[in-house]
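Each chain is listed here by its residues.
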Amino acid sequence: PLDEVRAWVRDARRIAVLTGAGISAESGVPTFRDAQTGYWAQFNPMEMASETGFRAQPARVWDWYAHRRGLLAGVQPNAGHRALAAFAQHGRGRLTLITQNVDGLHQRSGSPDVLCLHGDLTADRWLDRPRACCDLAHAAPGHPPRCPTCGNLVRPGVVWFGEALPLPVLAAAQQAAQSCELMLVVGTAGAVYPAAGLAHQARHAGARVVVVNTAASELDGIAHAVLRGSAARLLPLLLDGPPMVEAP
Ligand code: APR
């Protein structure tokens, strides 16, 4: 169905794309639920990606995120990221990119206006409500850094399990899911909500849903088409068509 999906892309006035860790796999960024190499095969997500876990072991969690930040220095966007960025540049606003990823690779590849549902791995924020003394620029170095005056801890600016997503970002993503004619769901297991719910919303709103994934995902069941393969190989094939000529 590759040619069929290419035609859907060509004819869609509005396309929403939801990406997950799989789109960065070929850049060398580990995914979460891969049985062998996934982060959650090595670590307990509740210890490493929750506020409770951070409060229990701030140094261990901070160092893990520092390690992940360090990996970013050595990775590059891949052909999947670049195909999305190129389409956004010549697609005249037809494409809305929504990502669960915090690796910044969509932004580095040139995609504009990326809706980052789960925050940004390189962003710092305060663990407790910042007081007048709390200034990230003057945090005392440490694992984690902290406010030298009141001891407030610095934490990674990502969304942890059990935390609310940034509401303006989620609202924009839901708007895109409900108004698109086509949603491409790329490189996500579809296991985490509300992100995965966007695919259901698109389907219920009448959009065609296409899954691009190297393995079965929890969203295959609601897809009109499943393209089994890597994002780096398939997205350039899906998105390289001529931009639809807007009706006069
Ligand atoms: N191309 C396409 N898909 C791929 C590729 C690839 N090269 N490599 C792996 N995949 C697929 C896997 O088959 C899997 O379905 O990408 C998916 C990655 O799933 P997860 O590791 O669960 O990542 P994701 O779905 O993004 O996780 C969602 O969970 O831990 C939280 O906040 C974290 O944002 C993350 C969220």
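Right above here is the structure, for reference.
Residues numbered from 1 in each chain as written. Predicted model: local features only at pLDDT ≥ 70, side-chain atom pairs only at ≥ 80, totals over all residues. Heavy atoms only, no water.

Student: Please give an account of the side chain of Thr188 that cites residues and values.
Tutor: Structurally, the position occupied by Thr188 is in the loop between β6 (182-186) and α10 (197-204). Residue Thr188 is classed as buried on the basis of its relative accessible area of 8%. Here the side chain of Thr188 touches Gln100 through a polar contact of 2.8 Å, side chain to side chain. Contacts of Thr188, omitting those with residues within four sequence positions, involve Gly20, Gln100, Asn213, Ser217 and Leu219. (Helix = DSSP H or I, 4+ residues; strand = E, 2+ residues; numbered from the N terminus. Buried < 20%, exposed > 50% of the residue type's maximum accessible area, 1.4 Å probe, protein only. Polar contact = N/O pair within 3.5 Å; in protein donor to acceptor, adjacent residues only side chain to side chain. Contact = heavy atoms within 4.5 Å.)

Student: Lay out the packing of aromatic side chains with the relevant residues and their values.
Tutor: Evaluated as defined, the whole model comprises nine aromatic pairs. Between Phe43 and Trp64 the ring centres are 5.2 Å apart and the planes differ by 55°, which places this aromatic pair in the tilted class. Residue Phe43 is found in the loop between α3 (39-42) and α4 (45-48), and its partner Trp64 is found in helix α6 (residues 58-72); the two are separated by 21 residues along the sequence. Measuring from ring centre to ring centre gives 5.0 Å for Trp64 and Tyr65, while their planes differ by 75°; the resulting arrangement is edge-to-face. Look at Trp64 and you get buried, because its relative accessible area is 5%. Judged by its relative accessible area of 3%, Tyr65 is buried. The structure contains a cluster of three or more aromatic residues connected by ring pairs, namely Phe32, Tyr39, Trp40, Phe43, Phe54, Trp64, Tyr65, Trp160 and Phe161. Directly above the aromatic system of Trp64 lies the positively charged group of Arg68, at a separation of 4.7 Å from the ring centroid. Over the face of the ring belonging to Trp160 we find Arg155, whose NZ or CZ atom lies 3.8 Å from the ring centre. (Phe/Tyr/Trp six-rings, centres within 6.5 Å; stacked < 30°, edge-to-face > 60°. Lys NZ or Arg CZ within 6 Å of the ring centre and 35° of its normal.)

Student: Tell me about the site of the ligand, residues and numbers included.
Tutor: As a structural note, the neighbourhood of the ligand is formed by 22 residues, with Glu26, Phe32, Arg33, Thr188 and Asn213 the closest of them. Backbone polar atom of Ala189 to an oxygen atom of the ligand: 2.9 Å apart, as the coordinates give it. Residue Ala231 places a main-chain N or O atom 3.0 Å away from a nitrogen atom belonging to the ligand. Here the ligand loses 89% of its free accessible area of 730 Å² to cover by the protein chains. In the shell around the ligand, the residues fall into nine nonpolar, 11 polar and two charged. (Near = heavy atom within 4 Å. Areas by Shrake-Rupley, 256 points an atom, 1.4 Å probe, with all protein chains shown as cover. Nonpolar A, V, L, I, M, F, W, Y, C, P; charged D, E, K, R; others polar.)

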